[in-house]
Amino acid sequence: MNIKDLDISNLSLKALMTEYDITEQEIEYAGTKGSAELLGWRINFFKRWEDLSKTVAVWFFDITGNDIEETANILLERLGIELRFGGEINVSEVFGEPDFVDETIEKTVRYGYVLSSDKFISIGLTNGKLSFLEIVNDEPIIQEIISVRSL
């Protein structure tokens, strides 16, 4: 499946990763309060308080190291996404020119793609290898991300 076509609204981390210990926690994501299903602190499925039945963001952060890469890649496979953490990728070759690029403190370069007003993808590379992935299907959150990262 093309990551650009993935509908995250009905996804549940608990349902996808039944053999793992998934916790739920109140969090704020891009200025929006809600609840997240968490696998450790690096994999997050976020839902707004206004509608806890709908996942609006899926976030993989700092996926480096064998154990977390293996777990995150199992999840990508179950989602039908062909990308693999730890693998080298030429982002512009696969996704085209990004709408903006930002560097994080973790020496990760993130490439942001605004696909529509309610569809955003960010691909992050650390030393040329996939280490960060974010898929957002929520217009106000996307606007907040753009306002902070595209400076």
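Residues numbered from 1 in each chain as written. Predicted model: local features only at pLDDT ≥ 70, side-chain atom pairs only at ≥ 80, totals over all residues. Heavy atoms only, no water.

**Focus on helix H2 (residues 66–79)**
- Relative to the 20 Å expected for 14 residues at 1.5 Å per residue, H2 spans 20 Å between its end C-alpha atoms, a close match to the ideal helical length.
- Among the residues of H2, Ile 68, Glu 69, Thr 71, Ala 72, Asn 73, Leu 75, Leu 76 and Leu 79 are the ones counted as buried.
- Each element contacted by the buried residues of H2 is listed here: helix H1 (13–16), strand S2 (32–39), strand S3 (43–48), strand S4 (55–60) and strand S8 (129–136).
- Just beyond H2, the residue with positive phi is Gly 80, at close to 80°. (Helix = DSSP H or I, 4+ residues; strand = E, 2+ residues; numbered from the N terminus. Expected span 1.5 Å × (residues − 1). Buried < 20%, exposed > 50% of the residue type's maximum accessible area, 1.4 Å probe, protein only. Contact = heavy atoms within 4.5 Å.)

**Examining the environment of Trp 59**
- Checked against the element boundaries, Trp 59 lands in strand S4.
- Residues Trp 59 and Ala 15 lie 44 residues apart in sequence; the distance between their C-alpha atoms is 16 Å.
- Each residue touching Trp 59, except ones within four places of it in the same chain, is listed here: Tyr 29, Trp 41, Arg 42, Ile 43, Asn 44, Phe 132, Leu 133 and Glu 134.

**Topic: the environment of Pro 140**
- For Pro 140, the position within the fold is in helix H4 (residues 139–149).
- For Pro 140, a relative accessible area of 45% gives the class partly exposed.
- In this structure the C-alpha to C-alpha distance between Pro 140 and Ala 30, which are 110 residues apart in sequence, comes to 9.0 Å.

**Overview of H4**
- Of the residues making up H4, those classed as buried are Ile 141, Ile 142, Ile 145 and Arg 149. One side of H4 carries all its buried residues, which in axial view fall inside an arc of 100°.
- One side-chain oxygen of the residue at the start of H4 lies 3.1 Å from the amide nitrogen of Ile 141, identifying that residue as Asp 138. (Arc of directions from axis to C-beta. Polar contact = N/O pair within 3.5 Å; in protein donor to acceptor, adjacent residues only side chain to side chain.)

**Considering the nonpolar core**
- Formed by 32 residues in total, the largest nonpolar core has its most connected members in Ile 43, Phe 60, Leu 75 and Ile 123.
- Contributing elements (two or more residues each) for this core: H1, S3, S4, H2, helix H3 (91–95), strand S7 (119–126) and S8.
- Counting residues per element, this core draws most heavily on H2, at five residues.
- Look past the residues within four positions of Leu 75 in its chain and what remains in contact with it is Leu 13, Leu 16, Met 17, Ile 43, Phe 45 and Phe 60.
- Ranked by size, the runner-up nonpolar core spans 16 residues in total, among them Ala 57, Trp 59, Phe 61 and Phe 132. (Core = buried A, V, L, I, M, F, W, Y, C linked by side-chain atoms within 4.5 Å.)

**Looking at the packing of aromatic side chains**
- Per the stated rule, a full pass over the model turns up nine aromatic pairs.
- Here the aromatic rings of Trp 59 and Phe 61 are separated by 5.2 Å at their centres, their planes lie at 25°, and the arrangement is stacked. For the pair Trp 59 and Phe 61, a shared accessibility class is recorded, and that class is buried.
- Look at Phe 61 and Phe 132: their rings are 6.4 Å apart centre to centre, the planes differ by 85°, and that puts the pair in the edge-to-face class. Highlighted residues: Phe 61 in the loop between S4 and H2 and Phe 132 in strand S8, separated in sequence by 71 residues.
- For Phe 132, a relative accessible area of 3% corresponds to the buried category.
- Here the aromatic residues Tyr 29, Trp 41, Phe 46, Trp 59, Phe 61 and Phe 132 are joined through ring pairs into a cluster of three or more. (Phe/Tyr/Trp six-rings, centres within 6.5 Å; stacked < 30°, edge-to-face > 60°.)

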